[in-house]
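Letter by letter, the chains look like this.
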Amino acid sequence: MAKVLAVFGATGQQGGSVIEFVLNDPELSKQYQLRAITRDVTSKSAQTLKGKNVEVVEGDSSQPASLDTALAGAHTVFAMTVPSFTPDGEQVEYASGKVIADAAVAQGAKYIIFSTLPHVSELSGGKYTNAIHCDAKAKIEQYIRGLPIKSAFVALGMYISNYYHLPFFAPQETADGSYVMARSNSPKAKFPMVNAEGDTGKFVGAILAQPENYKGKVFLAATAMYDTDEVAAAMSKATGKTVVYKQISLDAWKATLPFAQDIFGDTFSAMEEFGYCGAETESLLAWSVQNARGKLTTVEEYLKENPLPLA
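Note that this is a predicted model, so its numbers are computed, not measured.

Reading the values: rules and limits
Residues numbered from 1 in each chain as written. Predicted model: local features only at pLDDT ≥ 70, side-chain atom pairs only at ≥ 80, totals over all residues. Heavy atoms only, no water. Pairing = 2+ DSSP bridges. Helix = DSSP H or I, 4+ residues; strand = E, 2+ residues; numbered from the N terminus. Contact = heavy atoms within 4.5 Å. Axes fitted to C-alpha atoms, helices over the stretch in contact; angles between N-to-C directions. UniProt positions renumbered as here; feature names shortened; annotations may be inferred. 1 Å grid on protein atoms, 1.4 Å probe; cavity = no way out; pocket = protein on both sides within 12 Å on 5 of 7 lines; lining within 4 Å. Points joined across faces, edges and corners; volume = space filled by probe spheres on them. Nonpolar A, V, L, I, M, F, W, Y, C, P; charged D, E, K, R; others polar. Buried < 20%, exposed > 50% of the residue type's maximum accessible area, 1.4 Å probe, protein only. Expected span 1.5 Å × (residues − 1). Polar contact = N/O pair within 3.5 Å; in protein donor to acceptor, adjacent residues only side chain to side chain. Parallel < 35°, antiparallel > 145°, perpendicular 65-115°, else oblique. Left-handed = near helix turned anticlockwise from the far one by under 90°.

1. Here's the deal with the sheet that holds strand E12 (residues 224-227)
Taken in spatial order, the three strands of this open sheet run E7-E10-E12, and their pairing is mixed. In this open sheet, the two edge strands, each paired with only one partner strand, are strand E7 (158-159) and E12. Here E7 pairs with strand E10 (residues 190-194) via two bridges, running parallel. Note on E10: the bridge partner recorded for Met 158 is Met 193. Helix-sheet contacts for helix H10 (residues 228-239) involve E10 and E12, and the interaxial angle to E12 is about 85°.

Here's what the structure looks like:
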């Protein structure tokens, strides 16, 4: 009998990727019965999932009682939390993750796969304390590790799609018709890049296929490390436009951000100085790529398949 896999964020990039991967994997689609958890079961995305024979149920961590129904009978739970960029954002997100984990345990689930991130405050020795979305997820991970349930984790790298959906990441046109990406990091600072909507499922799928093998493990969900000069060069090749990276001061970059200036400032500064996952970033990424269930998308491939909207 198929085990129920309950997926949070089912209509978003991460959860949606997990659902699509399981649906299209010949082995996993037989092992798992998919249950999509969403706050709005009437949305177009939710209705699309229903059309694919995915069970769609309402669930919201801000309404804990809804999770008792949403997780009833679930064997495995893919859980994720949404950042809250408010002054108490770390506490808000932590509370959300705790509610989900507690509900999973209370409903008898056997395994949690949680979308985590590194603890920036700890990695930096207290130098960078404003990366609250990272620290909140890291604290949720530690909480889950202390619960009477098996668990594994995926830490997603930098979304390639950020260059499309976040204007302050995207290249900006200059007077001469070229495009500039400006940020405070060195042009040679490397970041792990991931096709979140296409590849999250390949990392989670590896865990689903062999849960005992990956119990307690963390996947760094990314394809490779790229520096910003390499990303700009890939954009130039894909678009036929001249795209360059320009390093500016931290204060100047933060001034361009529409919100969460200190959060993003600390996050990117810490990643450059201490590594995305600390000193083990490169080795963890190599292990994660080797163990992923399927070929991963390069930045070059993503840009070719998804043309950047440059004028």
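There is more to say, and it comes next.
2. Some remarks on the UniProt feature "domain: NmrA-like" (unreviewed entry) in the protein
Mapped onto this numbering, the UniProt entry gives "domain: NmrA-like" (unreviewed entry) at residues 2-303. Annotated as residues 2-303, this span is 44% helix and 22% strand, and its ends, taken at the C-alpha atoms, are 37 Å apart.

3. Let's talk about the layout of surface pockets
Of the volumes computed, that of the second largest pocket is approximately 310 Å³. If you trace the second largest pocket, you find 14 residues lining it, with Leu 117, Pro 118, His 119, Glu 141 and Glu 280 closest to the centre. Listed by contribution, the elements that provide at least two residues to the lining of the second largest pocket are helix H6 (120-123) and helix H7 (132-145). Counting residues per element, the lining of the second largest pocket draws most heavily on H7, which supplies three residues. Partitioned by chemical class, the residues of the lining of the second largest pocket number eight nonpolar, three polar and three charged.

4. Concerning the environment of Gly 16
If you trace the backbone, Gly 16 turns up in helix H1 (residues 13-24). Among the residues examined, Gly 16 registers a relative accessible area of 18% and is labelled buried. Taking the C-alpha atoms as reference points, Gly 16 and Gly 201, 185 residues apart in sequence, are found 8.3 Å from one another. When residues no more than four places from it in sequence are discounted, the contact partners of Gly 16 are Gly 9 and Ala 10.

5. Description of H10
Its 12 residues give H10 an end-to-end C-alpha distance of 16 Å, which sits within 8% of 16 Å, the value for a rise of 1.5 Å per residue. Between a side-chain oxygen at the N-terminus of H10 and the backbone nitrogen of Asp 229 the separation is 3.1 Å; the capping residue is Asp 227.

6. Focus on the packing of helix H5 (residues 89-106) against H7
Where H5 contacts H7, the axes come no closer than 9 Å and their chain directions differ by 30°. The angle between H5 and H7 places the two elements in the roughly parallel class. The handedness of the crossing between H5 and H7 is right-handed. Counted together, Gly 89, Glu 90, Glu 93, Tyr 94, Gly 97, Lys 98, Ala 101 and Asp 102 of H5 and Ile 132, His 133, Asp 135, Ala 136, Lys 137, Lys 139, Ile 140, Tyr 143 and Ile 144 of H7 form the full contact between these two elements. Considered class by class, the residues forming the contact of H5 with H7 number seven nonpolar, three polar and seven charged.

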